[in-house]
Amino acid sequence: MSLKSFAAKIFARGVAKKTAHWVNHPIATQEKVFKEIIQKASKTQFGRDHDFENIGSYKDFVRNVPIRDYEQIKGYVEKVIEGKEDVLWPGKPIYFAKTSGTTSGAKYIPITKESIKNQVEASRNAILNYVHETGNSDFVNGRWIFLQGSPVLQQKNGIKLGRLSGISAHYVPNYLQKNRLPSWETNCIDDWETKVNAIVEETVNENMTVIAGIPSWVQMYFERLHEKTNQDIGSLFPNFQLFIYGGLNYEPYRAKFENLIGRKVDSIELFPASEGFFAYQDSQKEKGMLLLLNSGIFYEFVKADEYFDEGAKRITIKDVKIGINYVMIVSTDAGLWAYNLGDTVQFISVDPYKVIVSGRIKHFLSAFGEHVIAKEVEEAMQQAIVATDARINEFTVAPQITPVKDELPYHEWLIEFENEPSEMGKFIETLDVSLQKQNSYYFDLIDGKILQPLKITQIQKGGFQEYMKSIGKLGGQNKVQRLANDRKVADVLSTYKKA
């Protein structure tokens, strides 16, 4: 065992002990975070506008601070962008994470010295937790790669600006700098396809042990490696042991990944965002991610099916229930207050508090009143893959409201197969039955002959990548929208229909 490997185990033991303390005192931990961030922001403009000095309880907070999305806090953010201090958080943020907005173009999410510290610690602790649980630390001696955005940062009135993954590249600890790939020069390449090709050249002969990134784009990297070497990834990188990912559910991609790799590797799921690092997978034996209650973030939840109702009830972790779809609301040490991320989660455990990401509150399919969410279509897809030995590259789901004459409406699944199902009829039936079992509204619509069973449109190989390229979102942190309530994505993707 190398000195670095031994040190990682010692460090992991200390982190596990600290984690256990707040995991065993979840309510008290969140109450402490709540009081600390309210007190620190009491003299900011936002704090004065919402009477933070007289907030003594969560009820006071709910009364004084309404839930907001980016559009509704944009006025405060613009003052920070102009160079004003003490607006949302004391002083100025040290970064803005630039993200894509759905209605406002680019969004600028503030990152403070406190919040970046918590982001960095959370990503580190996810790996050290894995070391502590499995005893495996040999991978620290090999090469690591993080497929991420460019680390080149711009300036906006003295505040650095960039993508979150690019900002994070500046915080790789010194003990990993020699292990990390790609090179700084390659990481700065903007064009994704050029960048991936350069990464392939830099890594193909290296001892890669850890690979990290959004599954769909890591898949593209693996495919390019295979094209170049005609080897599976597990043979090319015999010491590859750990895949770290976030941003997408890995399960629909798992069969394709394991085929490309040629064997199974351990994986760690992360739940990071520009607004904060919320959770990480803490067990190789159980599903779900540990909600980080001690990282400068105070959490609230609203039932997703009540979110748009006037007066929808806000609750804290002590009142959440397992299996309910919640919109997650956060208040953070970066100055976001009762902020709607747009993500929906479900708790799979409350001792400890563990979540899965179930979708986006604005990304659902309810053209006929069924309110299908991403978790449901991804679970159906996984069951269909297992049942028929299919492998997929990507998929999305949309309603077909106006089919050909005399046909009932239906859900259209646009799928790019790597390997087509052994029995397409069985694949379709498994998808549809699984969705009916998970979603009683969808079952009622099928049973009542309001909808006909789903239909599949096959997309040609590379079609999803071409689509993402056509809208300027190839690579990086960009993700294909899993499902929609309209046909904006589906109609464009249909132009890549398999002949």
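Remember, it's a predicted structure, so these values are computed and weren't measured experimentally.

Draft legend 1. Fine view of the side chain of S267. Checked against the element boundaries, S267 lands in strand β9 (residues 266–273). Aside from chain neighbours lying at most four places away, what touches S267 is L242, F243, Y245, Y250, R254, Q281 and Q284.

Draft legend 2. Broad picture of the environment of K362. Within the fold, K362 resides in the loop between β15 (353–360) and α14 (374–388). The exposure class of K362 is exposed, given its relative accessible area of 54%. In the structure, K362 is positioned 221 residues away from N141 in sequence and 43 Å away in space, judged by C-alpha atoms.

Draft legend 3. Structural detail: the pairing of strand β12 (residues 297–303). Counting buried positions over the seven residues of β12 gives six, a clear majority of the element. Examined bridge by bridge, β12 and strand β13 (residues 326–332) share seven bridges and lie antiparallel to one another. Bridging from a neighbouring strand, K303 pairs with Y326 of β13.

Draft legend 4. Structural view of the layout of surface pockets. If you add up the space inside the second largest pocket, you get close to 670 Å³. Lining the second largest pocket are 26 residues; nearest its centre among them are N118, E121, N294, S295 and G296. Breaking the lining of the second largest pocket down by element, the ones donating at least two residues are α1 (3–23), α2 (26–40) and α6 (113–134). For the lining of the second largest pocket, the residue count by class is eight nonpolar, nine polar and nine charged.

Draft legend 5. Summary view of the sheet that holds strand β16 (residues 391–400). Across the sheet, three strands lie side by side as β16-β17-β18; this open sheet has mixed pairing. Each having just a single partner strand, β16 and β18 (455–458) make up the two edges of the open sheet. In this sheet, neighbouring strand axes are inclined to one another by 30 degrees on average, regardless of whether the strands run parallel or antiparallel. Where strand β17 (residues 410–419) and β18 come together, four bridges link them in parallel fashion. By the bridge assignment for β18, I415 is matched with Q458. Across the sheet, α14 touches β16 and β17, and the angle it forms with β16 is around 135 degrees.

Draft legend 6. The arrangement of helix α5 (residues 70–81) in detail. In this model α5 runs just 14 Å from its N-terminal to its C-terminal C-alpha over twelve residues, more than 12% under the 16 Å that 1.5 Å per residue would give. Burial in α5 covers these residues: Y70, I73, Y76, V77, V80 and I81. Summarising the axial view, the buried residues of α5 lie within an arc of 150 degrees, below the 170-degree limit, and thus occupy one face. Taking the backbone nitrogen of E71 as reference, a side-chain oxygen 3.2 Å away marks D69 as the first, capping residue of α5. Immediately downstream of α5, the backbone of G83 shows phi near 110 degrees, a positive value.

What counts as what
Residues numbered from 1 in each chain as written. Predicted model: local features only at pLDDT ≥ 70, side-chain atom pairs only at ≥ 80, totals over all residues. Heavy atoms only, no water. Helix = DSSP H or I, 4+ residues; strand = E, 2+ residues; numbered from the N terminus. Contact = heavy atoms within 4.5 Å. Buried < 20%, exposed > 50% of the residue type's maximum accessible area, 1.4 Å probe, protein only. Pairing = 2+ DSSP bridges. 1 Å grid on protein atoms, 1.4 Å probe; cavity = no way out; pocket = protein on both sides within 12 Å on 5 of 7 lines; lining within 4 Å. Points joined across faces, edges and corners; volume = space filled by probe spheres on them. Nonpolar A, V, L, I, M, F, W, Y, C, P; charged D, E, K, R; others polar. Axes fitted to C-alpha atoms, helices over the stretch in contact; angles between N-to-C directions. Expected span 1.5 Å × (residues − 1). Arc of directions from axis to C-beta. Polar contact = N/O pair within 3.5 Å; in protein donor to acceptor, adjacent residues only side chain to side chain.

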